[in-house]
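Examination of the molecular architecture
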Amino acid sequence: HAAKQRGNGPATYDPSIDATSAQTLTLISELRQAVDRNELRLYLQPKLALEDRAVVGAEALVRWQHPQRGLVPPVQFIPFAEQTGFIRHLTMWVFEEAARHWQTLADEGLQLRLSVNLSTRDLLDMDLPQKFGALLVRHGVPAAAFCLEITESAIMDDPQRALATLDALNAMGFKLSIDDFGTGYSSLAYLKRLPVDELKIDQSFVRNMQSDRDDEMIVRSTIDLAHNLGITVVAEGVETAEAWNLLRELKCDQAQGYHMGRPMPVGEFSAWSTSWGMRRAAGETDSLHLL
Ligand code: C2E
Ligand code: MG
Ligand code: MG
Ligand code: MG
């Protein structure tokens, strides 16, 4: 399965994961209780406009504060959540937390679009649009405040059903994004057919674009493709000032990465954003030699 995934994320169900080991079974049963035990944590990572360094949004990323294992990263439990169907509860938990915090941030004067990751199972859940709609009403937040990130592989699992779900979500006003773009198997025909607002260039291309000419070409071409289709393009995994500057030259719209801001506990985001704004106003972020 070496060619399965170039990206970092657990995009799809992986049958090679051994779900029968005792350790795995324990983890799966513990995961089912994680929501009730209040062990899930929402982190936010800033998304910035390359042109003027403004904070334009943030991606919601989940972690599991396990009583014995400590802070467990999503790659270690999302695949099991996918496999067992628990992902549907997890997605609702993430979306609900995101909606709650969107309101908190808006009350503080921060109007940000929050990105939420969806998985294969979510796209196959025909009730998802209705469940999301009810949640929006309950929290009094607009659908346009959210961008839903979907991988190509999640769409290609059952393109007909995925398209139906995505069309419904789009009609409700959600923004849609293709995550880890370039790492999955998809066709440009689907890209044209999908109501997509954003493409995220996978970090594996961004990481090596200065040393690998093929990767630079892929980044460059993806930016052009997105713009020709009228789609916003985001680079993920921006770890250096040099990467930021090159992406800026290539006219990429937005960037996300450790160089500007790591994912942080949701409660810290507002303070981070204020401090970023002050550094930006003082010109300290101009060349982005921040670290
Ligand atoms: P993703 O959606 O592609 O999220 C981006 C990942 O890249 C995050 O990892 C983020 O911390 C990491 N990242 C951001 N900037 C940099 C950088 O400059 N360098 C490096 N090396 N990494 C960077 P994280 O939080 O560990 O999440 C991994 C994957 O797990 C996500 O990839 C996504 O596929 C999945 N995931 C995370 N949260 C959720 C969730 O709430 N629901 C679902 N379905 N999947 C999630
Ligand atoms: Mg990923
Ligand atoms: Mg994502
Ligand atoms: Mg990604």
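Attention in this report is confined to the structure presented alongside it. In this text the structure is predicted, and so the values were computed from the model without any measurement.

With respect to the overall build of the protein chain
In terms of helices and strands, the protein chain carries twelve helices and ten strands. Whereas a compact globule of 291 residues would reach a radius of gyration of roughly 19 Å, the protein chain reaches 19 Å, a difference of no more than 12%. The dimensions of the protein chain, computed from C-alpha atoms along their principal axes, are 50 × 40 × 40 Å. Within the span of the protein chain, comprising 291 residues, buried residues form 53% of the whole. The long-range fraction of contacts in the protein chain, counting pairs at least 24 apart against all pairs at least 6 apart in sequence, stands at 69%. When the accessible surface of the protein chain is summed, it comes to about 13400 Å², and 49% of that surface belongs to carbon and sulfur atoms. Seen as two clouds, the 28 positive and the 39 negative side-chain charges of the protein chain have centres 2 Å apart.

Notes on the packing of aromatic side chains
A full pass over the atoms with the stated rule returns seven aromatic pairs. Measuring from centroid to centroid gives 5.9 Å for Phe269 and Trp272, while their planes differ by 35°, and the two rings are tilted. Note that Phe269 and Trp272 are positioned in helix α12 (residues 269-281) at a spacing of three residues, about one turn of the helix. You can call Trp272 buried: its relative accessible area is 14%. Between Arg63 and the ring centre of Tyr43, over which it is positioned, the NZ or CZ distance is 5.1 Å.

Brief notes about the coordination of the magnesium ion (ligand 4)
Summarising the metal site, the magnesium ion (ligand 4) is bound by the protein donors Asp179 (OD), Asp180 (OD), Glu236 (OE) and Glu236 (OE), whose distances to it range over 2.1 to 2.3 Å. In the primary sequence, the donor residues of the magnesium ion (ligand 4) line up as D-D-x55-E. The two metals, the magnesium ion (ligand 4) and the magnesium ion (ligand 2), are separated by 3.5 Å and share Asp180 as a common coordinating residue. With Asp179 in strand β6 (residues 175-181) and Glu236 in strand β8 (residues 232-236), this pair connects stretches of sequence that are 57 residues apart. Of the two residues, Asp179 and Glu236, both sit in the buried class.

Re the packing of helix α3 (residues 87-107) against helix α5 (residues 128-139)
Where α3 meets α5, the closest approach of the two axes is 10 Å, and the angle between their N-to-C directions is 30°. Considering their axes alone, α3 and α5 lie roughly parallel with respect to each other. Classified by chirality, the crossing of α5 by α3 is right-handed. On the side of α3, the interface is formed by Thr91, Met92, Phe95, Glu96, Ala99, Arg100 and Gln103, while α5 contributes Lys131, Phe132, Leu135, Leu136, Arg138 and His139.

Here's the deal with the pattern of salt bridges
Opposite charge on two side chains lets them pair, provided their charged atoms get close. According to the stated counting rule, one finds eleven salt bridges in the structure shown. The shortest N-O distance in the salt bridge between Lys47 and Glu198 comes to 2.8 Å. Here Glu198 lies in strand β7 (residues 198-201) and Lys47 lies in strand β1 (residues 40-49), a separation of 151 residues in the sequence. A single burial state applies to Lys47 and to Glu198, both of which are buried. Among the salt bridges present, the one from Asp125 reaches Lys131, with a minimum N-O distance of 2.8 Å. Via salt bridges that share partners, Glu59, Glu149, Lys200 and Glu236 belong to a single interconnected network.

Cut-offs and rules
- Residues numbered from 1 in each chain as written.
- Chains lettered and ligands numbered in written order.
- Predicted model: local features only at pLDDT ≥ 70, side-chain atom pairs only at ≥ 80, totals over all residues.
- Heavy atoms only, no water.
- Helix = DSSP H or I, 4+ residues; strand = E, 2+ residues; numbered from the N terminus.
- Rg over C-alpha atoms; globule rule 2.2 N^0.38 Å.
- Buried < 20%, exposed > 50% of the residue type's maximum accessible area, 1.4 Å probe, protein only.
- Contact = heavy atoms within 4.5 Å.
- Areas by Shrake-Rupley, 256 points an atom, 1.4 Å probe, with all protein chains shown as cover.
- Lys, Arg positive; Asp, Glu negative; His and termini not counted.
- Charge placed at Lys NZ, Arg CZ, Asp CG, Glu CD.
- Phe/Tyr/Trp six-rings, centres within 6.5 Å; stacked < 30°, edge-to-face > 60°.
- Lys NZ or Arg CZ within 6 Å of the ring centre and 35° of its normal.
- Donors = N, O, S within 2.8 Å, 3.2 Å for Na, K, Ca; no water.
- Axes fitted to C-alpha atoms, helices over the stretch in contact; angles between N-to-C directions.
- Parallel < 35°, antiparallel > 145°, perpendicular 65-115°, else oblique.
- Left-handed = near helix turned anticlockwise from the far one by under 90°.
- Salt bridge = Lys/Arg side-chain N within 4 Å of Asp/Glu carboxyl O.

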